[in-house]
Amino acid sequence: MPMVIGVVAGVAVVAVLVLIGLFKSMWRVAEPNEALIISGSKHRTEGLEEGMGFRIVTGRGTLVLPGVQAVRKISLDLNETELHVDCVTTQGIPLKVRGVVIFKVGDDFVSIANAGRRFLDQQKMMSERVHNVFAGHLRSIVGGLTVEDMIRDREKLTGQTRAACGTEMEKLGLIVDSLQIHEIEDPTGYIKNLAMPHAAAVQRDARIAQAEANRLATEAEQKAAARMSEATRDSEILQAGYQAERDKAAAKARQAGPLADAAARQDVVVQETRIAELDALRREQQLQADVRKPADAQAYETRARAEAERDARISAAQAKAKETELAALAEASRIKTAANAEAEATQARGAAAATATRATGEAEAAAAQAKGLAAAEATRAQGLAEAEAIKARAAALAENQEAVVAQQLAENWPEIVKAGASAFGSVDNMVVLNGADGMAEMLAKALTMGGAGLGLARQLLSSMNENGQAPNGTSALNGSVQPPSQKVPVETDEK
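Residues numbered from 1 in each chain as written. Predicted model: local features only at pLDDT ≥ 70, side-chain atom pairs only at ≥ 80, totals over all residues. Heavy atoms only, no water.

- If you look the protein up in an unreviewed UniProt entry, it shows as Flotillin family protein from Streptomyces hokutonensis.
- Per UniProt, the protein has the following entry under Sequence similarities (unreviewed entry): "Belongs to the band 7/mec-2 family. Flotillin subfamily." (UniProt positions renumbered as here; feature names shortened; annotations may be inferred.)

Structure, rendered in structure tokens:
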């Protein structure tokens, strides 16, 4: 039994080892910088044509059936190729362009499939193929440019070359990481000749700069020499000043003895003068103590007494002025109060008088208005009455004119006679001749005047009937007829 178990365990271990060996021989892993192309069975990969007959694996592992499927690798590393291209510009100038192209197989399945079809067994020929592609396009692009364009704008040349080669590189499954133009060689010296004017200008500027530097250096040297001369002069001036000070010090040293004697004598005089001043000061102080201070004390006492009396008089005057001021203020307040009361009373009386005057005026105005209305009404009534009377007389005149005239004369006869006799009013003495005959004659004349008045009244009434107005002062409104005055000849005996 243990033997059977050992055999079974050995078989199991062998079987496991065989399975591990088979798995290792079938399992393939793609490195990060490579792609596995598995062919031998039909597969459909995304982005590729259906029925390509191979499968692409990148960055992972996969199972491969030995003897049934084939596995090959294509590198995804960077590749480099140098460009050495002989070109001719649009000016006909031959040039040699030196550069480098860095490229690789694209990471997508389409690029890997295109590169696998073209370079799977010829990956070492990839650089040569890329060189040929870039060389052809570079010659074409340089043929459309001038030397100046290429020198001044190399980026333009690089960009046009990459754009021109992009389609072909995509068909090859390759992508360009970098394209650099390193050098442009000129066998004819055209570029050198182009640089000569600039080199000459640079040399000219260099010579000008050198001359300017020499001028500045000369000016600096001259300024330095001037400063040296100035320093020498200042040094000599200082030395002369120092010598003068030394001479002055020597002279002072020689004069020190006489000056010391004079100073000593001066000190003696000063001391004597000071003693005399102190003596005078002592005598002055003695005089002040003996005479001036008692006098000052007496004067101060007199002055203090006078000031006290003056202050007393001033205080009394101020008190009197204050009393007077208070009395005046009291009187002014009383007068102001009385004036205010009188003003208020006057204002009240004025207001009452104005009210009474206004009431009286309003009453008089009302009375005048009433009187005017009454007078107007009376005048109107009188006018209406007179109009009615005139209308009645007019009707009576129309019926019996002479009767109306006679009535009017009868009613107004006294006035008529009075008017006729008024001519004798201014006669003081009248002498009637012929006695009774003269008197009778006068009466007859008066009667004659009355008859004449009757005729005149008829004429006036007739005229009034025709014109509606009485002439010669005869009024048709009141119905009275005034005959014209006639002067009666009166003979007087004026003695």
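Concerning the side chain of H137
- Tracing the backbone through its elements, the reader meets H137 in helix α3 (residues 126–143).
- If we skip the residues at most four places from it in the chain, H137 touches A164, C165 and E168. (Helix = DSSP H or I, 4+ residues; strand = E, 2+ residues; numbered from the N terminus. Contact = heavy atoms within 4.5 Å.)

Re the environment of E31
- Residue placement: E31 occurs in the loop between β1 (27–29) and β2 (34–39).
- Residue class for E31 comes out partly exposed when judged on its relative accessible area of 41%.
- Between the C-alpha atoms of E31 and G59, which are 28 residues apart in sequence, the distance is 5.7 Å. (Buried < 20%, exposed > 50% of the residue type's maximum accessible area, 1.4 Å probe, protein only.)

So, the sheet that holds strand β7 (residues 94–105)
- Read from one edge to the other, the open sheet built from 3 strands follows the order β6-β7-β8, with strand pairing classed as antiparallel. The outermost strands of the open sheet, each flanked by one partner alone, are β6 (79–88) and β8 (174–185). Within this sheet the neighbouring strands show an average axis-to-axis angle of 25°, counted without direction.
- As paired elements, β7 and β8 share 10 bridges and run antiparallel to each other. Each residue of the ladder has a partner; that of V100, found in β8, is Q180.
- Across the sheet, α3 is in contact with β6, β7 and β8; its angle to β6 comes to roughly 30°. (Pairing = 2+ DSSP bridges. Axes fitted to C-alpha atoms, helices over the stretch in contact; angles between N-to-C directions.)

Let's talk about α3
- For α3, spanning 18 residues, the distance from its first C-alpha to its last is 26 Å, which sits close to the expected 26 Å at 1.5 Å a residue.
- Taken as a whole, α3 has its buried residues at M126, V130, H131, V133, F134, A135, H137, L138, I141 and V142.
- Turning to α3, the residues buried within the fold contact β6, β7, α2 (109–119), α4 (147–152), α5 (154–172) and β8. (Expected span 1.5 Å × (residues − 1).)

Brief notes about the pattern of salt bridges
- On inspection of all chains with the given rule, the structure shows 13 salt bridges.
- Where R215 meets E219, a salt bridge forms, and the shortest distance between an N and an O atom there is 2.6 Å. Here R215 and its partner E219 are both found in helix α6 (residues 190–254), 4 residues apart, which amounts to about one turn of the helix.
- Judged by its relative accessible area of 30%, E219 falls in the partly exposed class.
- As a salt-bridge pair, E301 and R305 come within 3.0 Å of each other at their nearest N and O atoms. In this pair, E301 and R305 are both assigned in helix α7 (residues 256–399), 4 residues apart and thus about one turn of the helix distant.
- Among the ionic contacts, a cluster of salt bridges with common partners joins E212, R215 and E219. (Salt bridge = Lys/Arg side-chain N within 4 Å of Asp/Glu carboxyl O.)

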